[in-house]
Amino acid sequence: MNFDKLRLSKFRTYDGYNLPDEFDPPLEHDPNAEVLFAFCTSFEDVVRFANLARNRQTNKNNRLFFIYQKGNKDFHRDHIYAFCDAAPFLRRKAPILSSLSDTYSCFAFEIIV
């Protein structure tokens, strides 16, 4: 996966939900991370992971990256965006939508304290 587009250089730590084995960002793994990655396969995943991220936020202005599989007609970017656009604790953050690989894309949001 190509993490260059995510602008992670100002962050040091990450944690995640539902991460596959091959997922290896250029950050140190830490339960009190500044960056949270969530691999989502359903709308329910988006809601659950967003609420988990909000409840365990320990740093100001954490980033939450929702990662989803491209080409899935049952679950795609519009499902993620619909929830996040309505959530008062999430704000879009550049890069808003990025391709990580031929298989995965990613939405970036800031968790508002």
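Residues numbered from 1 in each chain as written. Predicted model: local features only at pLDDT ≥ 70, side-chain atom pairs only at ≥ 80, totals over all residues. Heavy atoms only, no water.

Moving on: the environment of Asn-51. By the element assignment, Asn-51 lies in helix H1 (residues 43-55). Between the C-alpha atom of Asn-51 and that of Tyr-81, which follows or precedes it by 30 residues, the distance is 15 Å. (Helix = DSSP H or I, 4+ residues; strand = E, 2+ residues; numbered from the N terminus.)

In this section: the sheet that holds strand S5 (residues 90-99). One open sheet holds the six strands; their spatial order is S2-S1-S3-S4-S6-S5, and the pairing between them is mixed. Two strands close off the open sheet at either side, each with one partner strand: strand S2 (28-29) and S5. As paired elements, strand S3 (residues 35-39) and strand S4 (residues 63-69) share five bridges and run parallel to each other. Its bridge partner being in S4, Ala-38 is matched across the sheet by Phe-66. Its contacts with the sheet place H1 against strand S1 (13-17), S3, S4, S5 and strand S6 (104-111), and it is angled at close to 160° to S4. Along the sheet face, helix H2 (residues 77-86) touches S4, S5 and S6 and points at about 5° away from the line of S6. (Pairing = 2+ DSSP bridges. Contact = heavy atoms within 4.5 Å. Axes fitted to C-alpha atoms, helices over the stretch in contact; angles between N-to-C directions.)

We now examine the side chain of Asn-62. Assignment of secondary structure puts Asn-62 in the loop between H1 and S4. Side-chain polar atoms of Asn-62 contact the backbone oxygen of Ala-33, separated by 3.4 Å. Residues contacting Asn-62, with those up to four places away along its chain left out, are Ala-33, Glu-34, Leu-36, Gln-57, Phe-109, Glu-110 and Ile-111. (Polar contact = N/O pair within 3.5 Å; in protein donor to acceptor, adjacent residues only side chain to side chain.)

Time to look at the packing of H1 against H2. One can describe the packing of H1 onto H2 by two numbers: an axis separation of 9 Å at closest approach and a directional angle of 35°. Between H1 and H2 the crossing geometry is right-handed. When H1 is examined against H2, the residues Phe-43, Val-46, Val-47 and Ala-50 are found in contact with a partner set consisting of His-79, Ile-80 and Phe-83. Of the residues belonging to the contact of H1 with H2, the class tally is six nonpolar, one polar and no charged. (Left-handed = near helix turned anticlockwise from the far one by under 90°. Nonpolar A, V, L, I, M, F, W, Y, C, P; charged D, E, K, R; others polar.)

Turning to H2, its buried residues are Ile-80, Phe-83 and Cys-84. The buried residues of H2 occupy one face: seen down the axis, they fall within an arc of 95°. Residues Asp-85 and Ala-86 are exposed on H2 and point more than 90 degrees away from its buried face. On its buried face, H2 is in contact with H1, S4, S5 and S6. (Buried < 20%, exposed > 50% of the residue type's maximum accessible area, 1.4 Å probe, protein only. Arc of directions from axis to C-beta.)

The next point concerns unusual backbone geometry. Look at the link from Ala-94 to Pro-95: it is a cis peptide, with omega at -5°. Positive phi outside glycine occurs at Asn-18, with the angle close to 60°. Looking at where Asn-18 falls in the secondary structure, it is placed in the loop between S1 and S2.

Applying the stated rule across the entire model yields 14 aromatic pairs. When the ring of Phe-23 is compared with that of Phe-39, the centres are 5.1 Å apart and the planes differ by 85°; the resulting orientation is edge-to-face. Placement of Phe-23 in the loop between S1 and S2 and of Phe-39 in strand S3 is noted, with a sequence separation of 16 residues between them. Across the pair, Phe-39 and Phe-23 agree in class, each one buried. Summarising the aromatic geometry, the rings of Phe-66 and Phe-109 are spaced 6.0 Å apart at their centres and angled 70° between planes, so their arrangement reads as edge-to-face. Of the two residues, Phe-66 is situated in strand S4 and Phe-109 in strand S6; the sequence distance between them amounts to 43 residues. In this structure Phe-66 comes out as buried when scored by relative accessible area, which is 0%. Ring-pair connections join several aromatic residues into one group, and the members of that group are Phe-3, Tyr-14, Phe-23, Phe-37, Phe-39, Phe-65 and Tyr-104. Sitting over the face of the ring of Phe-49, Arg-48 holds its NZ or CZ atom 4.9 Å from the ring centroid. Over the aromatic face of Phe-89 sits the side chain of Arg-54, whose NZ or CZ is 4.1 Å from the ring centroid. (Phe/Tyr/Trp six-rings, centres within 6.5 Å; stacked < 30°, edge-to-face > 60°. Lys NZ or Arg CZ within 6 Å of the ring centre and 35° of its normal.)

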